[in-house]
Amino acid sequence: MSSIATALTRQVGIEVPVICGAMYPCSNPELVAAVSDAGGIGVVQPLSLTYVHGYEFTAGLRLIRRLTAKPIGMNVLIEQSSKAYLERMRRFVDTALEEGIRFFVTSLGNPRWVVERVRPAGGLVYHDVTERKWAEKGLAGGVDGLIAVNNRAGGHAGGKSPAALVEELRDFGVPVVCAGGIGDAASFRTALRLGYAGVQLGTRFIATDECRAAPAYKQAIVDATDADIVLTERVTGVPLAVIRTPFVERVGTRVGPIARWMFRHRRTKRLIRTVYALRSIWKLKRSLMDGSSTRDYWQAGKSVAGIHEILPAGTVVRRFAAAAQP
Ligand SMILES: Cc1cc2nc3c(=O)[nH]c(=O)nc-3n(C[C@H](O)[C@H](O)[C@H](O)COP(=O)(O)O)c2cc1C
């Protein structure tokens, strides 16, 4: 097994600087475990584990533990939506710590409370950022590393190129991980050459044997080119990268005029955000496993350009590791 030493592998205690990023609804236990077992690190998405894949949270973590003894991580979405949501996230973090997880990836908000819980237990927190000002906020909250989400990423993409982002973030002195656009070993090598300490992949790991996405969704990733990826506001209310299917073409990518008005106004913004968030949870769950509806949304990033076959997740990690050997 080839291993590659970077600031990420040394800090997190893994062999290959490849993170399988959290994916709602695509992160299932078998996928998370397969990436970790091959020497990278799989990140659990709590809502995906419980609501989509039907596990009680602790039972889901224990299943992953039975599949691999290697480190795994957990995603903490820290958006200030509701008190009940935050309370649930806090409980997820505490349970994850009790179950031995020591690597946390935070997105969307101030990660300070996560750092305060995780650090005393000897854990690490990496924070998703799309630009320098969010990195400064995350580092002020005490995070140990940054995940630089670029303009080629799946999920909610950033606005900057991988090269521009690493330039903007390198002087903080913490490991910076490239998220977005990495579909093959060549782009992995390029990211390391640019100065990244590792990569976080989403889309590449959907097109794997272990991911429980519908076969039609995986095949759409294999067939797509980067020109087929569009940003739609219609799922979550903010631009989300999806494959342009006939359905997406028909309904367009903008929200309707009433929703647009509600998103713009202070009084209605919170309500419409909540409506979209709840609806997207249901819509994306349906799109994941069915794959036969003509109204599905298939999330994917521009890394589709480098994805030409469905592979075992461990093979992806091992190919990347082999390609990065000097
Ligand atoms: C289907 C899908 C769902 C995602 N869901 C989440 C999520 O729940 N939380 C999160 O922090 N990032 C999420 N992401 C972002 C990924 O963790 C990762 O940063 C991104 O996919 C990297 O870009 P790539 O798809 O080009 O590899 C998602 C990405 C995809 C493709």
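Cut-offs and rules
Residues numbered from 1 in each chain as written. Predicted model: local features only at pLDDT ≥ 70, side-chain atom pairs only at ≥ 80, totals over all residues. Heavy atoms only, no water. Helix = DSSP H or I, 4+ residues; strand = E, 2+ residues; numbered from the N terminus. Buried < 20%, exposed > 50% of the residue type's maximum accessible area, 1.4 Å probe, protein only. Contact = heavy atoms within 4.5 Å. Axes fitted to C-alpha atoms, helices over the stretch in contact; angles between N-to-C directions. Parallel < 35°, antiparallel > 145°, perpendicular 65-115°, else oblique. Left-handed = near helix turned anticlockwise from the far one by under 90°. Near = heavy atom within 4 Å. Polar contact = N/O pair within 3.5 Å; in protein donor to acceptor, adjacent residues only side chain to side chain. Nonpolar A, V, L, I, M, F, W, Y, C, P; charged D, E, K, R; others polar. Phe/Tyr/Trp six-rings, centres within 6.5 Å; stacked < 30°, edge-to-face > 60°. Core = buried A, V, L, I, M, F, W, Y, C linked by side-chain atoms within 4.5 Å.

Asker: I'm lost on the environment of P46 in this one. Help?
Answerer: Here P46 shows up in helix α3 (residues 46–52). Judged by its relative accessible area of 1%, P46 is buried. Along the backbone, P46 and V316 are 270 residues apart, and their C-alpha atoms lie at a distance of 24 Å. Setting aside chain neighbours within four positions, we find P46 in contact with F57, M74, N75, M89 and F92.

Asker: Is there a simple way to think about the packing of helix α2 (residues 29–37) against helix α15 (residues 313–323) in this case?
Answerer: Angle between the axes and distance between the axes are the two parameters that describe a pair of packed helices. Here α2 crosses α15 at 30°, and the two axes come no closer than 8 Å. Between α2 and α15, the interaxial angle falls into the category roughly parallel. Classified by chirality, the crossing of α15 by α2 is right-handed. Facing L31, A34 and V35 of α2, the residues of α15 in contact are A313, G314 and V317.

Asker: Even after reading the chapter, I still don't get the site of the ligand, so can you show me in this structure?
Answerer: In the region of the ligand, 24 residues are neighbours, and A22, N75, Q200, G202 and T203 sit closest. Between the ligand and Y24, the relevant distance is 3.0 Å, taken from a nitrogen atom to a main-chain nitrogen or oxygen of the residue. Measuring from an oxygen atom of the ligand, one finds a side-chain N or O atom of T203 at 2.6 Å. At the level of elements, β8 (198–201) and α10 (203–206) are the ones that each hand at least two residues to the shell around the ligand. Taken together, the residues that form the shell around the ligand break down as nine nonpolar, 13 polar and two charged.

Asker: Honestly, the packing of aromatic side chains in this entry has me stumped. Any pointers?
Answerer: The description of an aromatic ring pair rests on the distance of the ring centres and on the angle between the ring planes. For the structure on display, the rule yields five aromatic pairs. Geometrically, the ring pair formed by F57 and F92 is tilted, given 4.4 Å between the ring centres and 50° between the ring planes. Of the two residues, F57 sits in helix α4 (residues 57–67) while F92 sits in helix α5 (residues 83–98), which places them 35 residues apart along the sequence. Each member of the pair F57 and F92 is classed as buried. Ring geometry for F103 and Y126: centres 5.2 Å apart, planes at 65°, overall edge-to-face. In this pair, F103 is assigned in strand β4 (residues 103–107) and Y126 in strand β5 (residues 124–129), connecting sequence segments 23 residues apart.

Asker: What am I meant to see in the nonpolar core here?
Answerer: The nonpolar side chains of soluble globular proteins are, as a tendency, buried together. One finds M74, V76, F104, F205 and I221 to be the most contacted residues of the largest nonpolar core, which totals 88 residues. The leading source of residues in this core is α5, at six residues. Residues in contact with I221, not counting those within four places in the same chain, are T203, I206, A207, I243, A300, V304 and I307. The next biggest cluster of nonpolar side chains, apart from the first, holds 16 residues, and it includes V43, F103, V105 and I147.

Asker: Explain the environment of M289 to me, please; I cannot follow it from the model alone.
Answerer: Residue placement: M289 occurs in helix α14 (residues 266–289). Separated by 62 residues in sequence, M289 and A227 place their C-alpha atoms 25 Å apart.

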